[in-house]
Amino acid sequence: MHTKSPLLEIKDLSVSFKVFEGDLKVLNGVNLTINEGEKVGLVGETGCGKTTTIKSVLRVLPSPPARITGGEIFYRGRDILKLKKREIPSIRRGEISAIFQDPLTSLNPVFTIGYQLQEIIKHSLRQQGIEEVSKKELKSRAASLLKETGMPDPERILKSYPIQLSGGMRQRVCISEALRVTVKLLLADEPTTNLDVTIQDQILRRLDELVEKRGTSILFITHSLGVVRHLTHRVYIMYAGNIVETAHTKELFSNPLHPYTRGLLKTVPKLTGEGVSEGIQGRIPNYLNPPEGCRFHPRCGDKMEICINKKPPLFNQGENQMVACFLYGR
Amino acid sequence: MNRRSRVGKVRKIKVTVEGGWVFHTLTFSLYNIQEYSMLKYIGLRLIHSLFVLFGLSLLIFFIARVMPGDPARVALGPLATEEQVQKLREEIHLDKPFPVQYYYWLRSLLKGDLGRSLYTKRPIVKDLNEYLPATLELVLCSFIISLVFGQVTGVLAGYFRNSWFDGLSRLVSYIGVATPSFVMAIFLLLVFSHILGFIPAVGRISIILRPPPRVTGFIILDSLIAGQFKVALNGLKHIILPALSLAVAHIAQEGRVTRSSIVDNIQKDYVATHVVHGVPTRSVIFKYLLKPSLIPTVSIMGLDFAFIIANAFLVELVFMWPGFARYAVTVMLNKDLNAIVAVVLIVGATFAIVNLIVDIVVSFLDPRIRLQRRGG
Ligand SMILES: Nc1ncnc2c1ncn2[C@@H]1O[C@H](COP(=O)(O)OP(=O)(O)OP(=O)(O)O)[C@@H](O)[C@H]1O
Ligand code: SF4
Ligand SMILES: [Mg+2]
């Protein structure tokens, strides 16, 4: 199905945010790998650091307040975090693209959709050495991109401002922007939050088709295990700035190991895929003074002595599963 | 040398490219005028302003007449006889009831006549014609200075937030906002004329020069029109210090407002989206980030303009600028009835026009406002 060579490798990534009260130690050694051609899910409840992770990869964390305090991010063998400022654009063009979480805030409110989309297309073309493109050509390219995502009446949409569009339409615009060129890797941050279930389904399907057609690797970020179940090969479960478990999607659903994953699976509602954390007591910890050792221990039913003092590394379990929990190794 | 000029050239081209969005915004908005009925809006606002000015004239007309002291007596001085004073009263209809007085005044206003000054006996329109352009030139000049410098420092401080530049500009801003403009004027005059040894530049142009033929009443503009560049330069030299002393507080204030909206907006996802999708940093900052960030700044500019006019009086005094602000105070002190009404109306009308322009610019910048107005 996919080759095994890693495209993106995040190793022990730590990120903190400096705020008035002190340092929010959000990411606490994240490890995540995406292979070529692979479709990967990243699941975790709100505030666990999913967006922060991909913004680190894209090098768009707002800094200040964000600071990367440790770790490496290899993209095809090059450490992205060590790139000089002027080298960064090279990984953005034709290599990594992204769809951000909130489709309203990811479109500029004071420019028309057409203006934003056409400028993005213009710069991608320039990257490929095509300098002069007529306005008409740009416009028709923009319209056909929108059409590809299943947008009705693209001509009118191009003349509209983001506030004139519904959530689903905005999301399609974001997808068009991200897929204007064939990229190697697409980071899709909850591409369907705030949409009703039918639209959600439509858009995900379309996105999946487009990605498949282009052979792009994708990271689907979501709250919902229901979404990843059908769309991904492999899943990462994230809790409070740590990857706590990863496995092939099928295995994860049939044989969850981490106490947090088990809790999650218990609460997957049959239809909607909403409401992730209902089966687990307590709340995600405060990042100012996060728990020592395993960050999950205040909520864990299987807590042991060692969990309070030591951070569990990822233990291999079988060929395709890894879990960060002392129940599975020392 | 060679290399330098090349760099300069490249930069210039880039600037014009960035300037493109202003053009885009304007043309696009004009193109949409019918759809958003912008013209209708402007028309309504103008009518609205006329009503406001009408109310204002009634109010000030009334106030000027109930202020203590007899205008005719003040105008003629204590030595005039009672008959002379009575004659003047009748001449300017002070013996008639208030509505009749107002009717006479309004009738002549519609003929473009604001009456005569009780004091100088000159037609007020003539006075305004002489003094108003001087002040407008000054105010406009300081407005432009505060716009340019305010935006540049605001954008830089916002982009390099929490850097030494941000800290320094914050400190300077606090000082700038807290210093009254006439203090700034005296300070600048001291530094430039006395310490740095430039010739004290007071008035609008040096007395040895002949002012250019009058077209707009703005000396710099008129001399440019007449092709007298030396006079224009001289005028510029004269205007720069008073304009700067008026501008400092607003550079500071507008800079801070722009800075804070840049800091707000730079964390928004759309900035990350533009960046990630390969839009060059230059256009991200000066186009996609600046346009939404300008909205709050432009909104406060209407008020800023009024403050500049109000502050102009003392600054005109310091630099011996033969302006409207000084004229206005003089007529108030002299209880020069018609002149007071005229002055207040002029200030009111200027304020109304400036605010209309501000509103139009804001709605060009912000489609959300434009779309709301359409009635959605
Ligand atoms: N700009 C910021 N300033 C301060 N703290 C931040 C900032 N961005 C993120 N954080 C902190 O980082 C934590 C993780 O945020 P992040 O957006 O990565 O979560 P997430 O997993 O994407 O959540 P969601 O599912 O709600 O999108 C949050 O709890 C928040 O407190
Ligand atoms: S390491 Fe300990 S506290 Fe953490 S999940 Fe495993 S058993 Fe629970
Ligand atoms: Mg998020």
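Engineer: Before we move on, could you go through the site of ligand 1 and cite the residues and values that matter?
Structural biologist: Taken together, 17 residues are adjacent to ligand 1, and Thr46, Lys50, Thr51, Thr52 and Gln101 of chain A come closest. Chains contributing residues to the immediate surroundings of ligand 1 are chains A and B. Between Lys50 of chain A and ligand 1, the recorded distance is 2.8 Å, taken from a side-chain N or O atom to an oxygen atom. In the complex, 73% of the free accessible area of ligand 1, which totals 630 Å², lies under the protein chains. Put simply, the parts of the chain that give the shell around ligand 1 at least two residues each are strand E1 (6–19), strand E2 (22–35) and helix H1 (50–58) of chain A. Per-element accounting of the shell around ligand 1 gives the leading share, three residues, to H1 of chain A.

Engineer: Quick one: what's the story with the interface of chain B and chain A, residue by residue and with numbers?
Structural biologist: Each partner contributes to the interface: chain B provides 32 residues, whereas chain A provides 34 residues. Summed over both sides, the interface between chain B and chain A buries roughly 2900 Å², with carbon and sulfur atoms accounting for 61% of that surface. Together, Asp269, Val276 and His277 of chain B form the three largest contributors to the area buried by chain B at its contact with chain A, with a combined 23%. Across the chain B-chain A interface, the total number found is two salt bridges. Measuring nitrogen to oxygen at the nearest pair gives 2.6 Å for the salt bridge that ties Lys287 of chain B to Glu119 of chain A. Here chain B is connected to chain A by ten residue pairs in polar contact (both at pLDDT 80 or more). Of all the secondary-structure elements, those providing two or more residues to the side of chain B that touches chain A are helix H1 (2–31), helix H12 (269–276), helix H13 (281–318) and helix H16 (367–373) of chain B. Here the side of chain B that touches chain A takes seven residues from H12 of chain B, the largest share from any one element. Broken down by class, the residue content of the side of chain B that touches chain A amounts to 16 nonpolar, eight polar and eight charged.

Engineer: Describe the packing of helix H9 (residues 181–195) of chain B against helix H11 (residues 229–266) of chain B, listing the residues and the values that go with them.
Structural biologist: All names here are of chain B. At their nearest, the axes of H9 and H11 sit 8 Å apart, and the two run at 140° to each other. The angle between H9 and H11 falls in the class oblique. Once H9 is placed against H11, the crossing between them reads as right-handed. Taken together, the residues of H11 that come into contact with H9 (itself represented by Ser181, Met184, Ala185, Leu188 and Phe192) are Leu241, Leu244, Ser245, Leu246 and Val248.

Engineer: Now, about the sheet that holds E1 of chain A: what can you tell me, with residues and values included?
Structural biologist: Residue and element names in this part refer to chain A. The sheet built from four strands is open, its strands ordered E2-E1-E4-E5 with antiparallel pairing. Every interior strand has two partners, whereas the edge strands, E2 and strand E5 (78–79), have only one. Contacts between H1 and the sheet are confined to E1, E2 and strand E4 (66–75), with E1 contributing the most and set at about 110° to the helix.

Engineer: Hey, could you go over the packing of helix H3 (residues 113–127) of chain A against H13 of chain B for me, with residue numbers and the actual values?
Structural biologist: The N-to-C vectors of H3 of chain A and H13 of chain B enclose an angle of 175°; their axes lie 14 Å apart at closest approach. In this view, H3 of chain A runs roughly antiparallel relative to H13 of chain B, as classed from their interaxial angle. Touching Tyr115, Gln116 and Glu119 of chain A of H3 of chain A are Ser283, Lys287 and Tyr288 of chain B, all from H13 of chain B. For the contact of H3 of chain A with H13 of chain B, the class distribution of residues is two nonpolar, two polar and two charged.

Engineer: I'd like a rundown of the pairing of strand E10 (residues 242–248) of chain A, residues and numbers included.
Structural biologist: All names here are of chain A. Burial within E10 is extensive, with six of its seven residues counted as buried. Pairing geometry for strand E9 (residues 234–239) and E10, over six bridges, is antiparallel. Paired with Met238 across the bridge in E10 is Ile243. The loop that links E9 with its antiparallel partner E10 comprises two residues; one of these, Ala240, has a positive phi angle of about 45°.

Engineer: Please provide a residue-by-residue account of the sheet that holds strand E6 (residues 96–99) of chain A, values included.
Structural biologist: The pairing of strands in a sheet comes from backbone hydrogen bonds and takes either a parallel or an antiparallel form. Residue and element names in this part refer to chain A. One open sheet holds the eight strands; their spatial order is E6-E7-E8-E3-E9-E10-E12-E11, and the pairing between them is mixed. Either end of the sheet is taken by a strand with one partner, and the two such strands are E6 and strand E11 (315–317). Taking each pair of neighbouring strands and ignoring which way they run, the sheet shows an average axis angle of 20°. Of the strand pairs in this sheet, strand E3 (residues 39–43) and E9 are connected by four bridges, and their pairing is parallel. Counterpart to Val43 in the pairing with E9 is Ile237. Docked against the sheet, H1 engages E3, E6, strand E7 (185–189), strand E8 (217–222) and E9, running at close to 150° with respect to E7. Its contacts with the sheet place helix H7 (residues 197–214) against E3, E6, E7 and E8, and it is angled at close to 160° to E8.

Analysis parameters
Residues numbered from 1 in each chain as written. Chains lettered and ligands numbered in written order. Predicted model: local features only at pLDDT ≥ 70, side-chain atom pairs only at ≥ 80, totals over all residues. Heavy atoms only, no water. Near = heavy atom within 4 Å. Polar contact = N/O pair within 3.5 Å; in protein donor to acceptor, adjacent residues only side chain to side chain. Areas by Shrake-Rupley, 256 points an atom, 1.4 Å probe, with all protein chains shown as cover. Helix = DSSP H or I, 4+ residues; strand = E, 2+ residues; numbered from the N terminus. Contact = heavy atoms within 4.5 Å. Buried area = accessible area lost by both parts, 1.4 Å probe. Salt bridge = Lys/Arg side-chain N within 4 Å of Asp/Glu carboxyl O. Nonpolar A, V, L, I, M, F, W, Y, C, P; charged D, E, K, R; others polar. Axes fitted to C-alpha atoms, helices over the stretch in contact; angles between N-to-C directions. Parallel < 35°, antiparallel > 145°, perpendicular 65-115°, else oblique. Left-handed = near helix turned anticlockwise from the far one by under 90°. Pairing = 2+ DSSP bridges. Buried < 20%, exposed > 50% of the residue type's maximum accessible area, 1.4 Å probe, protein only.

Without other data, these values stay purely geometric and don't point to any function.
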